[in-house]
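Residue-level listing of the chains:
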Amino acid sequence: MRYWDASALVPLIVSESATVQVRSCLVEDTEIVTWAWTRVEIASAVERRTREGLLTRPQRREVLDRLNTFAATWDEVTEVLAVRSRAALLLGRHPLRAADAGQLGAALLVHEQLAAPLRFVCLDRRLGVAAELEGLRVAEFSG
């Protein structure tokens, strides 16, 4: 099982330089678990690309439809209070943004509940370093 941060899921929905590498990671293990707030983070990335002119309005609608279809296939961590308490502690230990601390808090919650090691999939270097320092195995991507 792998925990997927929003940064690694975006290239599965919008074509970008990391799309091929992230898709190969998904082929190896199709089970995705992520935080309940991930859809909002991805929608934010789509809307930002639209505002910047990187996506047209019709492309935006297509990508958001793809997001909704894809999101229906993954499992979400919904224990907000448990994630919030972990995220608050993580902010004191690592230079993370609030949403990233939430992602890592959710991943740590899943990790605590598993008997097997949890692989953390993300493209955000700072978040990946924090995840490693917290004892998670972070998926490696070149480039």
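Residues numbered from 1 in each chain as written. Predicted model: local features only at pLDDT ≥ 70, side-chain atom pairs only at ≥ 80, totals over all residues. Heavy atoms only, no water.

Participant: Teacher, can you tell me more about the overall build of the protein here?
Facilitator: Of regular secondary structure, the protein possesses seven helices and five strands. Reported as C-alpha extents along the three principal axes, the dimensions of the protein are approximately 40 × 30 × 30 Å. Counting every position in the protein, which comprises 143 residues, the buried fraction comes to 46%. Here the protein displays about 7,700 Å² of accessible surface, and carbon together with sulfur accounts for 54% of that area. Treating the 18 positive side-chain charges of the protein as one cloud and the 19 negative ones as another, the clouds have centres 4 Å apart. (Helix = DSSP H or I, 4+ residues; strand = E, 2+ residues; numbered from the N terminus. Buried < 20%, exposed > 50% of the residue type's maximum accessible area, 1.4 Å probe, protein only. Areas by Shrake-Rupley, 256 points an atom, 1.4 Å probe, with all protein chains shown as cover. Lys, Arg positive; Asp, Glu negative; His and termini not counted. Charge placed at Lys NZ, Arg CZ, Asp CG, Glu CD.)

Participant: Could you clarify how one ought to interpret the packing of helix α5 (residues 80-93) against helix α6 (residues 98-113) in this entry?
Facilitator: The description of two packed helices rests on the angle between their axes and on the distance between the axes. At a closest axis distance of 8 Å, the pairing of α5 and α6 adopts a crossing angle of 120°. Here α6 runs oblique to α5, going by the angle between their axes. Crossing geometry of α5 relative to α6 is assigned as right-handed. Contacts from Ala82, Val83, Arg86, Ala87, Leu90 and Leu91 in α5 reach Ala98, Ala101, Gly102, Leu104, Gly105, Ala106, Leu108, Leu109 and Glu112 in α6. When its residues are assigned to classes, the contact of α5 with α6 shows 11 nonpolar, two polar and two charged. (Axes fitted to C-alpha atoms, helices over the stretch in contact; angles between N-to-C directions. Parallel < 35°, antiparallel > 145°, perpendicular 65-115°, else oblique. Left-handed = near helix turned anticlockwise from the far one by under 90°. Contact = heavy atoms within 4.5 Å. Nonpolar A, V, L, I, M, F, W, Y, C, P; charged D, E, K, R; others polar.)

Participant: Would you mind going over the layout of surface pockets with me for this structure?
Facilitator: Sizing a probe to match a water molecule and rolling it over the atoms shows the empty space that remains. Counted as a void, the second largest pocket has a volume near 260 Å³. Lining the second largest pocket are 14 residues, and of these Ala6, Ser7, Glu41, Arg48 and Arg97 sit closest to its centre. Among the secondary structure elements, those contributing two or more residues to the lining of the second largest pocket are α1 (6-13), α3 (38-51) and α6. When residues in the lining of the second largest pocket are grouped by element, the largest group, five residues, is from α3. By residue class, the composition of the lining of the second largest pocket is five nonpolar, two polar and seven charged. (1 Å grid on protein atoms, 1.4 Å probe; cavity = no way out; pocket = protein on both sides within 12 Å on 5 of 7 lines; lining within 4 Å. Points joined across faces, edges and corners; volume = space filled by probe spheres on them.)

Participant: Which parts of the structure should I look at to understand the state of the cysteines?
Facilitator: By definition, a disulfide links two cysteine residues through a covalent bond between their sulfur atoms. One pass over the full model with this rule turns up zero disulfides. With no disulfide partner, Cys25 has as its closest neighbouring cysteine sulfur the one in Cys122, 11 Å distant. With a relative accessible area of 5%, Cys25 lands in the buried category. Residue Cys122 is classed as buried on the basis of its relative accessible area of 5%. (Disulfide = S-S within 2.5 Å.)

Participant: Mind showing me how you'd approach the environment of Ser7 here?
Facilitator: Inspection of the secondary structure puts Ser7 in helix α1. Distance in space between the C-alpha atoms of Ser7 and Ala45 is 9.2 Å, their sequence separation being 38 residues. With residues near it in sequence (within four places) discarded, Ser7 still touches Cys122, Leu123 and Asp124. Of note is the side chain of Ser7, whose polar atom sits 2.5 Å from the side chain of Asp5. (Polar contact = N/O pair within 3.5 Å; in protein donor to acceptor, adjacent residues only side chain to side chain.)

Participant: Hey, could you run me through the packing of aromatic side chains in this one?
Facilitator: Where two aromatic rings form a pair, the distance of their centres and the angle of their planes describe that pair. Inspection of every chain in the model, using the stated rule, returns two aromatic pairs. Here Tyr3 and Phe120 contribute two aromatic rings whose centre-to-centre distance is 5.6 Å and whose plane-to-plane angle is 5°, an arrangement assigned as stacked. Highlighted residues: Tyr3 in strand β1 (residues 2-4) and Phe120 in strand β4 (residues 119-121), separated in sequence by 117 residues. In this pair, the class of Tyr3 matches that of Phe120, namely buried. (Phe/Tyr/Trp six-rings, centres within 6.5 Å; stacked < 30°, edge-to-face > 60°.)

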